[in-house]
Amino acid sequence: MTEHEHVRVAVIGSGFGGLGAAVRLRREGITDFVVLERAGAVGGTWRDNSYPGCACDVPSHLYSFSFAPNPDWPRTFSGQEHIHAYLEHVADTFRLRPHIRLNSEVKLMRWDAGELRWEIETSNGTLTADVVVSATGPLSDPKIPDIPGIDTFPGKVFHSARWDHDYDLRGKRVAMIGTGASAIQIVPAIQKQVGKLTLFQRTPPWVMPRADRAISGAERWLHKQLPFTTQARRGILWGIRELQVQAFTKRPNELGMVESIAKRNMHRAIKDPALRDKLTPTYRIGCKRILLSNTYYPALAKSNVDVVASGLSEVRGNTLVASDGTETEADVIVFGTGFHVTDMPIADRVVGDEGHTLMETWKDGMKSLRGATAAGFPNWMTIIGPNTGLGNSSMILMIESQLNYLADYMRQLDVLGGRAALAPRPSAVGAWNRRVQERMKRTVWNTGGCNSWYLDENGVNTTVWPGTTTEFRAATRRVDLSEYEVIRAAQRTKEQSAAGSEKVEAGA
């Protein structure tokens with residue numbers, strides 16, 4: 001970066017959110033922007049998560065941009081390598097490479113109230129921007145629990161999102177910590193090659209059958225020749241999921257039939273009653289994310305796999321001790337323990353209008369206006385912000401809705417003219433979040449009897465959207481200026497001068 005470089009917009013991250021924002025800015029005629037990426041390639045979570053068996057649990061034709069359909073998906077549920085390749089393709093197709101700054105990790109973003117712009121320090125230089133779009137995503141920073149004695153373990157330790165492909169697992173005694181979406185893909189992928197696999201399970205997940213298959217050459221040919229068939233396929237997939245939302249958000253008791261399907265899926269593979277007891281959840285399905293797999297349960301039934309129905313509590317050299325006292329010898333520890341979702345590290349690097357970090361502002365829970373903007377942080381927007389997650393559909397739908405909001409945000413700034421900024425009113429942020437949390441009370445995520453990563457340390461669901469994607473799109477179609485304070489450079493200078501005069505008088 002050149003010294004004192006200034007851009008209209010700085011986008012942080014180059015996953016689906018960051019690349020989507022870049023495409024939308026270009027479509028709005030804005031070319032004065034950069035995409036700051038801390039790694040050496042684009043792709044976000046689909047670049048970082050390359051563990052064995054990594055794949056998406058949303059159908060391929062729905063897990064892609066509506067403005068960049070891919071008629072050539074090889075499977076109905078695509079693997080990591082295909083999704084990462086798709087994102088590389090998007091970067092090339094929409095000519096985003098000149099805007100992307102790789103190996104440029106953001107160290108600090110500070111709002112300059114006098115100049116009405118953001119000062120951004122990166123590992124590759126500094127720059128300023130009128131607007132910041134934070135698209136780092138909630139699944140970007142791995143969370144590893146603080147296990148007593150972990151530093152005494154003489155073997156290999158890594159997180160699923162930082163897989164060590166140079167390490168040979170063949171014949172090793174492997175401990176898999178966690179039973180989330182990553183773990184249920186890793187376990188069957190490595191079971192055949194390891195000597196012994198021990199799964200430490202704090203809470204069993206609900207696992208449904210995965211309707212995955214290869215997409216035939218004829219289907220792909222049809223989608224290429226007749227693009228509307230790709231759109232129709234996407235529309236059907238979307239519609240089915242929209243119809244499911246009521247059960248998750250208003251009538252959780254209707255999910256009992258879904259539980260029966262999940263139990264049959266387990267019983268087909270697990271014949272041992274004791275193991276079935278360990279693997280049967282006691283909470284309502286949907287309270288945690290429903291997982292999809294045809295191979296997880298069969299892998300757990302193999303003779304070289306043990307399930308410890310307890311979390312890891314201590315490490316004593318090669319010995320791993322579970323909370324129930326079970327001891328296991330291991331050569332490798334793989335943490336499939338999720339990410340910093342409600343305490344995203346990027347929030348500690350954003351300093352707002354009053355000198356407070358976003359982390360400090362959100363100390364009692366993440367709050368934003370329409371999942372996008374935060375009080376005290378003018379001209380700052382997040383993609384996949386608080387309460388924008390989904391429990392049953394594609395996050396790309398939510399991202400595209402937020403891109404609509406971003407586009408109108410930029411239009412509003414242009415209409416205002418001159419040096420101006422939009423600062424969300426605390427009253428608007430509070431009103432929006434009260435409505436969201438009121439709707440959340442009836443949802444399966446709040447009433448289902450589980451403790452999931454959707455909840456923050458105070459037990460508040462600051463992660464999931466309690467409605468349909470259609471509702472969210474309507475709520476983010478336009479920026480309502482009544483929810484914002486319009487700040488102008490002259491106004492801010494006048495306010496600062498007045499504040500300075502008051503201090504002088506007070507000192508006198």
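Residues numbered from 1 in each chain as written. Predicted model: local features only at pLDDT ≥ 70, side-chain atom pairs only at ≥ 80, totals over all residues. Heavy atoms only, no water.

## Considerations on helix α6 (residues 227-249)
So, point 1. The first and last C-alpha atoms of α6 sit 34 Å apart over 23 residues, in line with the 33 Å expected at 1.5 Å per residue.
So, point 2. Where α6 is concerned, the buried positions are Thr-229, Thr-230, Arg-233, Arg-234, Leu-237, Gly-239, Arg-241, Glu-242, Val-245, Ala-247, Phe-248 and Thr-249.
So, point 3. Buried positions along α6 lie against α5 (217-225), α11 (395-416), α12 (426-440), α13 (444-447) and α14 (469-475). (Helix = DSSP H or I, 4+ residues; strand = E, 2+ residues; numbered from the N terminus. Expected span 1.5 Å × (residues − 1). Buried < 20%, exposed > 50% of the residue type's maximum accessible area, 1.4 Å probe, protein only. Contact = heavy atoms within 4.5 Å.)

## Details of the packing of aromatic side chains
So, point 1. Scanning all chains against the criterion turns up 16 aromatic pairs.
So, point 2. With 6.2 Å between their ring centres and 55° between their planes, Phe-377 and Trp-380 make a pair best called tilted. With respect to class, Phe-377 is no different from Trp-380; both count as buried.
So, point 3. Plain terms: the ring middles of Trp-432 and Trp-465 are 6.0 Å apart, the flat faces sit at 10° to each other, and that makes the pair stacked. Here Trp-465 lies in the loop between α13 and α14 and Trp-432 lies in helix α12, a separation of 33 residues in the sequence. (Phe/Tyr/Trp six-rings, centres within 6.5 Å; stacked < 30°, edge-to-face > 60°.)

## Observations regarding the nonpolar core
So, point 1. Judged by nonpolar contacts, the single largest core of 106 residues is most densely connected at Phe-16, Leu-300 and Met-410.
So, point 2. Considering each element in turn, this core owes the most residues, 11 residues, to α11.
So, point 3. The residues contacting Phe-16, other than those within four sequence positions of it, are Trp-46, Tyr-63, Ser-64, Phe-65, Ile-83, Tyr-86, Leu-87, Ile-396 and Ile-399. (Core = buried A, V, L, I, M, F, W, Y, C linked by side-chain atoms within 4.5 Å.)

## With respect to the pairing of strand β5 (residues 117-122)
So, point 1. Only one face of β5 is buried, namely the one carrying Trp-118, Ile-120 and Thr-122, since none of Arg-117, Glu-119 and Glu-121 on the opposite face is buried.
So, point 2. Of the pairings in the sheet, the one linking strand β4 (residues 106-112) to β5 comprises 6 bridges and is antiparallel in character. Looking at the pairing, Asp-112 lines up with Arg-117 of β5.
So, point 3. Between β4 and β5, which pair antiparallel in sequence order, lie 4 residues; one of them, Leu-116, sits at a positive phi of approximately 55°.
So, point 4. In this structure, β5 lies alongside strand β6 (residues 125-134), joined through 5 bridges in antiparallel fashion. By the bridge assignment, Ile-120 is partnered in β6 with Leu-127. (Pairing = 2+ DSSP bridges.)

## Points about the confidence of the model for the protein chain
So, point 1. The share of residues in the protein chain with pLDDT of 70 or more is 96%, and the mean pLDDT across the chain is 95.
So, point 2. A low-confidence stretch, residues 496-508 stays under pLDDT 50, and its non-local contacts, those more than four residues away or across chains, total 2 contacts. (pLDDT = per-residue confidence, 0-100.)

## Focus: the pairing of strand β16 (residues 332-335)
So, point 1. Side-chain alternation along β16 places Val-332 and Val-334 on one buried face and Ile-333 and Phe-335 on a second face that is also buried.
So, point 2. Inspection of the sheet shows strand β7 (residues 156-159) paired to β16 by 4 bridges, in the parallel sense. Across the sheet, Lys-156 pairs through a bridge with Val-332, a residue of β16.
So, point 3. Relative to β16, strand β8 (residues 173-177) runs parallel, the two sharing 4 bridges.

## Quick notes on the environment of Pro-426
So, point 1. Checked against the element boundaries, Pro-426 lands in helix α12.
So, point 2. Once the C-alpha coordinates of Pro-426 and Ser-368 are considered, the two residues, 58 residues apart in sequence, prove to be 9.3 Å apart.

## Thoughts on the sheet that holds strand β9 (residues 196-200)
So, point 1. An order of β7-β16-β8-β9-β12 is seen for the 5 strands of this open sheet, with the pairing classed as parallel. The open sheet has two free edges, formed respectively by β7 and β12 (305-308), since each of these has just one partner strand. Across the sheet, the mean angle from the axis of one strand to that of its neighbour is 15°, orientation sign disregarded.
So, point 2. Relative to β9, β8 runs parallel, the two being bridged by 5 bridges. Counterpart to Ala-175 in the pairing with β9 is Thr-198.
So, point 3. Packed onto the sheet, helix α4 (residues 183-190) meets β8 and β9 and runs at close to 165° relative to β8. (Axes fitted to C-alpha atoms, helices over the stretch in contact; angles between N-to-C directions.)

## Regarding the sheet that holds strand β15 (residues 327-329)
So, point 1. Strand order in this open sheet of 3 strands is β13-β14-β15, and the pairing throughout is antiparallel. Only two strands of the sheet have a single neighbouring strand rather than two, namely β13 (312-316) and β15. Across the sheet, the mean angle from the axis of one strand to that of its neighbour is 25°, orientation sign disregarded.
So, point 2. Where strand β14 (residues 319-322) lies against β15, 3 bridges are found, and the strand directions are antiparallel. Looking at the pairing, Leu-320 lines up with Thr-328 of β15.

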